[in-house]
Amino acid sequence: MSANTKFDPNSLGLKSNNIFGLPFTEEQSQLVLLPVPWEVTVSYRVGTARGPENIFNASMQVDLFDPDVPGGWEKGFYMRPIDRNIRAKSDYLRQCAELIISNMIDGGDVADNVQLSEKLKEINNGGKLLIDWVYEMTKDLLKQGKKTGLVGGDHSTPFGFIKAIAEVHSDFGILQIDAHADLRVAYEGFTWSHASIMYNVLQHIPQVKKLVQVGIRDYCDEELEMIQQSNGRITTFFDKDIKAQQYDGVTWKSICGDILATLPQKIYISFDIDGLDPKLCPNTGTPVPGGFETEQIFYLFKMIHDSGRELVGFDLNEVSSGSHTGDGIDAIVGARVLFKLCNFMVAGE
């Protein structure tokens, strides 16, 4: 370990250090996390723009020993400071989006309203600006040889990161842990909607040869049709089917084996926290009954790692602030999911 030799991994986490209380600088760290405090197009509840800072605070309670990757933290993890300008832009554009969504719920047509039409244009331009910012930030990190992860923010945030990865890896797949398919076309009129992230990736990033979705349980007819007509580019393990298999006696190990068989050698993990059972993320933007325990997903991650596949990047998104119920379970769970992702990202290095 090249950081402060006085650091005690068995003691409490110090906020004067960095994520998980670790004493590393960005230069000393193999893995750098980019926080993206953005939630412009969330469809139901807000709060995920504060996800990165809440995860950071909760990370001080995470013990550093991981039996799957002992000593992983010694490679160095660092989260960059939250960009206040990005968060302020998100807050402003979110107010614009709420006006548009409210108008639509009341049966209005944005095209008939000059003011709302201008706000919609502003929101879509803002989404493109965010994409460019994330792309530039992550492209620079990858060029430095840093392993990189993204902490959202809503699920629209990783598009620019995936675009940057596609310039390094010409053939890779995405493992999407999620309650939602996110294959809608410009949902609610927002081109870069959180509900359109995987549609946009598949349309604009041809290097993503395969999308494997796990836990999907909330989707529309058009999304199902896109899955069915994807010629195998999309493989979806619906939550309902997974549960039915388990009720029939099929083991989770066997199901994970089926998931693993669909994945290419290089994998990017996109983890929407609402893929978990909502008791673990009650304040996420759009919770859906069903989902997984964290241990189930960690087991899947370990099988992926043990298979020799390469993890080329990851994002964690839709972790809310806990403000809807007053508890902090969302950030606590998010911090532990993030720690596991970080450890598997550096495993074997």
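So, here's what we can say about the structure. (Residues numbered from 1 in each chain as written. Predicted model: local features only at pLDDT ≥ 70, side-chain atom pairs only at ≥ 80, totals over all residues. Heavy atoms only, no water.)

**With respect to helix α5 (residues 197-204)**
No. 1: Within α5, 6 of the 8 residues are buried, which leaves it mostly tucked inside the rest of the structure.
No. 2: Burial in α5 covers these residues: Ile-197, Met-198, Tyr-199, Asn-200, Val-201 and Leu-202.
No. 3: Turning to α5, the residues buried within the fold contact α4 (159-166), β4 (172-177), β5 (208-216), α6 (221-228), β6 (234-238) and β7 (266-272). (Buried < 20%, exposed > 50% of the residue type's maximum accessible area, 1.4 Å probe, protein only. Helix = DSSP H or I, 4+ residues; strand = E, 2+ residues; numbered from the N terminus. Contact = heavy atoms within 4.5 Å.)

**Focus on the state of the cysteines**
A disulfide bridge is the covalent bond that connects two cysteines by way of their sulfur atoms.
No. 1: All told, the structure shown has 0 disulfides when counted by the stated rule.
No. 2: For the unlinked cysteine Cys-256, the closest cysteine sulfur is that of Cys-281, found at 19 Å.
No. 3: Overall, the relative accessible area of 1% leaves Cys-281 in the buried class. (Disulfide = S-S within 2.5 Å.)

**So, helix α7 (residues 239-247)**
No. 1: Where α7 is concerned, the buried positions are Asp-239, Ile-242 and Lys-243. On an axial view of α7, the arc spanned by its buried residues comes to 95 degrees, and they lie on one face.
No. 2: On its buried face, α7 is in contact with β5, β6 and α8 (252-261).
No. 3: The positive-phi residue at the C-terminal boundary of α7 is Gly-249, with phi of around 100 degrees. (Arc of directions from axis to C-beta.)

**Focus: the packing of aromatic side chains**
No. 1: Counted according to the given criterion, the structure contains 9 aromatic pairs.
No. 2: Taken together, a centroid distance of 5.5 Å and an interplanar angle of 65 degrees make the contact between Phe-7 and Trp-73 edge-to-face. Pair noted here: Phe-7 is in the segment before β1 (31-36) and Trp-73 is in the loop between α1 (51-58) and β2 (77-79), with a separation of 66 residues, a long-range link. The exposure classification of Phe-7 matches that of Trp-73, with both residues buried.
No. 3: Geometrically, the ring pair formed by Phe-77 and Phe-339 is edge-to-face, given 6.2 Å between the ring centres and 75 degrees between the ring planes. Of the two residues, Phe-77 is situated in strand β2 and Phe-339 in helix α10 (residues 329-346); the sequence distance between them amounts to 262 residues. Each member of the pair Phe-77 and Phe-339 is classed as buried.
No. 4: Here the aromatic residues Phe-20, Phe-77 and Phe-339 are joined through ring pairs into a cluster of three or more. (Phe/Tyr/Trp six-rings, centres within 6.5 Å; stacked < 30°, edge-to-face > 60°.)

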